There are 2 protein chains.
Amino acid sequence: MIAQSKKFDLKTKVVIVDEFKIISQYFERKVEDNSVRVGIGDDGAVLSPDRQKDLIAVVDSMVSAVHFPVWLSPADIGYRAVAINLSDVAAMGGTPRWMTLALTLVKPDSDWLEEFSSGLFAAAEEFNVALVGGDTTRGSEIIISVQILGDIERGSVLQRSGAEPGDGIYVSGTLGDASAGLSIKESGSPLTQASEFLVGRFQRPHPRVDLGRFLRTRATAAIDLSDGLFGDLEKLLSASELGGTIELDKLPLSKQMTQLVRRRDAIHFALAGGDDYELCFTASDPFINETDVPIQRIGTVSNDLGLSCTLDGNSYEFRNKGYRHFT
Amino acid sequence: MIAQSKKFDLKTKVVIVDEFKIISQYFERKVEDNSVRVGIGDDGAVLSPDRQKDLIAVVDSMVSAVHFPVWLSPADIGYRAVAINLSDVAAMGGTPRWMTLALTLVKPDSDWLEEFSSGLFAAAEEFNVALVGGDTTRGSEIIISVQILGDIERGSVLQRSGAEPGDGIYVSGTLGDASAGLSIKESGSPLTQASEFLVGRFQRPHPRVDLGRFLRTRATAAIDLSDGLFGDLEKLLSASELGGTIELDKLPLSKQMTQLVRRRDAIHFALAGGDDYELCFTASDPFINETDVPIQRIGTVSNDLGLSCTLDGNSYEFRNKGYRHFT
């Protein structure tokens, strides 16, 4: 007689029961969107996309030990997991529509799930995205993988590769806040109102979805700032086979940042910090901002490959080593 | 001055470099599909769905310790990760089109990645699915989360909830092979040609995509067999608010199974084993099979809730405890 494999049989079964309950209890909410023909609960979701539009698909994962500090609340983790994906849709000029979630949990902790799902749905509802499918598994650490589907007018997607020589380089909002906030929080210093603002920018990034839609027909190229301005702008310029210069004195810094952080450090946070989820884009002059989002021109696209910086009129060599080597 | 957070700053950067290289080196292949307007390499993928069709979205994750045995090759892991998602699309009657991958790795092992991606693309190419997006992160174990997008004639999706009283209950192929093969392999017995066949059914499940498409207009409800016939059929009947009976002597068993495994054990593997990725469906009589896939009628849908079994004409109480309780 053949022995049943304890290891696989049991564990797999346990995960399945679990999954079924977790999905229905925490993630199945009534969807008020008639484009969702079948939502959570069948083998898959069935969606009716707008016939005139193309589809955008983005995916991003967060691993507990790497992507979120221990002090980040489950609700903020849920919000962030959605927000960082929305930011990718925004960078392409699209409208987010539907979302799926693949969640790996160490144990099914109902308090955690309650809070996590409340943060996830807070972001989903704020940006009108319907959760249409999910999969829950058990593992040795928490991993959250969100996929968002969006749509966009046919053939009009905003890519990284469209920049032209002479275009202005623009950014939205203020830069460096999230990474400065993270550093302050991790240093253990008591938080002030100003530093709480910075920490909040890390906890709940605000994806620039409306701005992205506006830029679709106004910008030549765009990218969202997840890894830091310098590295992300390099990616955009490299995709466009061009280079550029940033004037560092033009970088938009929040008043909280300038109040708490020395200028050189603030510039470093803005260039390398990551986690801002603002948009960086290129556009031909004059660029007229018809949105409520503050936009700053910080530099110019050129034919010379590479990205250089100036500070107060002088060349400024920025070393962005962290991005380049695996050590 | 504010200290930079070593923990987050460095780790995040390292993951990003890595991801960039891994995606381009192992997962960026030329896509010969003009529905893919933007593939891997931008913030997201841009797809042009067929204007006459609805969209199907499925997602499934595999966690190394839970879902794959240590002896399973990286190529088989890659193949399986795609195949189990294709099976969900098949169960809805859809045609798989595009796929994204969220991959968590412990370390970037080039041999593993080479093999894994070859298996992943083997399944993708066999079923004409284009990999259009990916995200790689580092974690403490391997987690593979695949999302597949498919399409289907508008409003014609095959769901779990459509069964009618009196419908026949049907299954494709043979059942229990994968779990029997897994048990034999894990028992350490030397493999024969017959047992290798069974193990192969676990290593490379064959999703019934063509059959699913045929069933779209012929079946009343369908589900794919990932967790074992009994539990999966219960889900279908419960979604249809009906019950049913299975005649266990009708269960299709492979000749390799009957050669190696006692009858009662074979029935147990077929009912509870999981990992078959065959389709189970209901259809009104007469059901005429116009495909090459062997189809077996194994029971009847009834108005009485619950799922019961008979064996050689006698009532047979099957206890499927593993599915029900978290212990």
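Remember, predicted model here, so these are calculated numbers, not experimental data.

Engineer: Now, about the overall build of chain A: what can you tell me, with residues and values included?
Structural biologist: Per the secondary structure count, chain A includes 10 helices and 13 strands. Taken over the C-alpha trace, chain A has a radius of gyration of 21 Å; the compact-globule value for 327 residues is 20 Å, and the two agree within 12%. Expressed as lengths along the three principal axes of its C-alpha atoms, the size of chain A is roughly 80 × 50 × 40 Å. Out of the 327 residues belonging to chain A, those deemed buried represent 62%.

Engineer: Break down the domain arrangement of chain A for me, with residues and values.
Structural biologist: All names here are of chain A. Here the domain parsing of chain A yields domain 1 (10-153) and domain 2 (160-323). Between domain 1 and domain 2, the residue contacts involve 24 residues of the former and 21 residues of the latter. Carbon and sulfur atoms supply 61% of the area that domain 1 and domain 2 bury against each other, a total of about 2,000 Å² over both sides. Put simply, domain 1 and domain 2 have 3 salt bridges between them. Arginine 80 is the salt-bridge partner of aspartate 275, the closest N and O atoms lying 3.2 Å from each other. Counting the contacts that link domain 1 with domain 2 gives 8 residue pairs in polar contact (both at pLDDT 80 or more). Looking at the side of domain 1 that touches domain 2, the elements that each hand over two or more residues are α3 (74-91), β4 (95-105), α4 (110-126) and β6 (143-153). With 11 residues, α3 is the largest single contributor of residues to the side of domain 1 that touches domain 2. Its residues placed into classes, the side of domain 1 that touches domain 2 shows 14 nonpolar, 5 polar and 5 charged.

Engineer: Which residues make up the pairing of strand β7 (residues 168-172) of chain B, and what values go with them?
Structural biologist: All names here are of chain B. Among the 5 residues of β7, 5 are classified as buried, and the element is accordingly described as predominantly covered. Bridge count between β7 and strand β10 (residues 279-283): 4 bridges; the pairing is antiparallel. Directly across from isoleucine 169, in β10, lies its bridge partner threonine 282.

Engineer: Quick one: what's the story with the packing of helix α5 (residues 177-187) of chain B against helix α6 (residues 193-203) of chain B, residue by residue and with numbers?
Structural biologist: Residue and element names in this part refer to chain B. Across the interface, α5 lies against α6 with an axial gap of 7 Å and an inter-helix angle of 115°. The orientation of α5 with respect to α6, classified from their angle, is roughly perpendicular. Every pair of crossing elements has a handedness; the one defined by α5 and α6 is left-handed. The segment α5 lies against α6, with Asp177, Ala178, Ala180, Gly181, Leu182, Ile184 and Lys185 engaging Ser195, Phe197, Leu198, Val199, Arg201 and Phe202. Grouping the constituent residues of the contact of α5 with α6 by class yields 8 nonpolar, 2 polar and 3 charged.

Engineer: Please give an account of helix α10 (residues 263-272) of chain A that cites residues and values.
Structural biologist: Residue and element names in this part refer to chain A. The element α10 is extensively covered by neighbouring structure, given that 7 of its 10 residues are classed as buried. Of the positions making up α10, those classed as buried are Asp265, Ala266, Ile267, Phe269, Ala270, Leu271 and Ala272. Taken from the residues just after α10, glycine 274 is the one with a positive phi, measuring 75°.

Engineer: Any details on unusual backbone geometry? Residues and values, ideally.
Structural biologist: Residue and element names in this part refer to chain A. For the peptide bond that leads from aspartate 285 to proline 286, omega is -10°, which places it in the cis range. Examined against the element boundaries, proline 286 turns out to sit in the loop between β10 (279-283) and β11 (295-302). Phi at aspartate 312 takes a positive value of approximately 55°, unusual for a residue other than glycine. Relative to the helices and strands, aspartate 312 resides in the loop between β12 (306-311) and β13 (314-316). On the basis of relative accessible area, aspartate 312 is assigned to the partly exposed category, the value being 46%.

Engineer: I'd like to hear about the pairing of β10(B), residue by residue, with values.
Structural biologist: The side chains of a regular strand alternate, first on one face of the sheet and then on the other. All names here are of chain B. Extensive coverage of β10 is indicated by the burial of 5 of its 5 residues. A two-sided burial pattern is seen for β10, the buried positions comprising Leu279, Phe281 and Ala283 on one face and Cys280 and Thr282 on the other. The sheet contact formed by strand β8 (residues 221-224) and β10 spans 4 bridges and is antiparallel. Looking at the pairing, alanine 221 lines up with threonine 282 of β10.

Engineer: Can you tell me about the packing of aromatic side chains, naming the residues and giving the values?
Structural biologist: Considering all chains together, one arrives at 16 aromatic pairs over all chains under this definition. Centroid distance A:Trp112 to A:Phe116: 4.7 Å. Interplanar angle 10°. Geometry classified as stacked. Here A:Trp112 and its partner A:Phe116 are both found in helix α4, 4 residues apart, which amounts to about one turn of the helix. Classification of A:Trp112 by relative accessible area gives buried; the value is 14%. The exposure class of A:Phe116 is buried, given its relative accessible area of 0%. Taken together, a centroid distance of 6.1 Å and an interplanar angle of 75° make the contact between B:Phe27 and B:Phe116 edge-to-face. Of this pair, B:Phe27 sits in helix α1 (residues 6-27) while B:Phe116 sits in helix α4 (residues 110-126), placing them 89 residues apart in sequence. Its guanidinium or amino end placed over the ring of B:Phe202, B:Arg80 lies 4.3 Å from that ring's centre, counting from NZ or CZ. Taking NZ or CZ as reference, B:Lys185 lies 5.0 Å from the ring centre of B:Trp71, over its face.

Conventions we followed
- Here the residue index of a chain counts from 1 through its sequence in written order.
- Each chain is given a letter, starting from A, and each ligand a number, starting from 1, according to the order in which they appear as written.
- This being a predicted model, a pLDDT of at least 70 is required before a residue's local features are given, and a value of 80 or more before pairs of side-chain atoms are given or counted; all residues contribute to the totals for chains, interfaces and linings.
- Side-chain numbers here rest on the full set of heavy atoms in the structure, without hydrogens or water.
- Each helix is a run of DSSP H or I of at least 4 residues and each strand a run of E of at least 2, with the numbering of both proceeding from the N terminus.
- In this setup the radius of gyration rests on C-alpha atoms only. A globule is expected at 2.2 Å times the number of residues raised to 0.38.
- We call a residue buried when its accessible area falls under 20% of the maximum for its residue type, exposed when it is over 50%, and partly exposed in between, using a 1.4 Å probe and counting protein chains only.
- Throughout the structure description, domain borders are defined by an automatic or database domain assignment.
- Any two residues whose heavy atoms approach within 4.5 Å are treated as being in contact.
- Here the buried area means the combined drop in accessible surface, using a 1.4 Å probe, for two parts upon being joined, counting both sides.
- By convention in these notes, a salt bridge is any Lys or Arg side-chain nitrogen within 4 Å of a carboxyl oxygen on Asp or Glu.
- Residues adjacent in sequence count toward polar contacts only when both atoms are side-chain atoms; beyond that, a polar contact is any pair of N or O atoms within 3.5 Å, and within protein one must be able to donate a hydrogen and the other to accept it.
- Here the term charged refers only to Asp, Glu, Lys and Arg, the term nonpolar to Ala, Val, Leu, Ile, Met, Phe, Trp, Tyr, Cys and Pro, and the term polar to all other amino acids, Gly among them.
- Strands are treated as partners if at least two bridges between them are detected by DSSP.
- Angles shown run from 0 to 180 degrees and are taken between the N-to-C directions of axes, each axis being a line fitted to C-alpha atoms and, for helices, limited to the stretch in contact.
- Orientation is classified from the angle alone, with under 35 degrees giving roughly parallel, over 145 giving roughly antiparallel, 65 to 115 giving roughly perpendicular, and any other angle giving oblique.
- Left-handed describes a crossing in which the near helix is turned anticlockwise from the far one by less than a right angle; the clockwise case is right-handed.
- The criterion for an aromatic pair is that two Phe, Tyr or Trp rings (for Trp, the six-membered ring) have centres within 6.5 Å, with stacked assigned to planes under 30 degrees apart, edge-to-face to planes over 60 apart and tilted to the rest.
- The criterion is that NZ of a Lys, or CZ of an Arg, lies within 6 Å of the ring centre and within 35 degrees of the ring normal, and then a charge sits over that ring.

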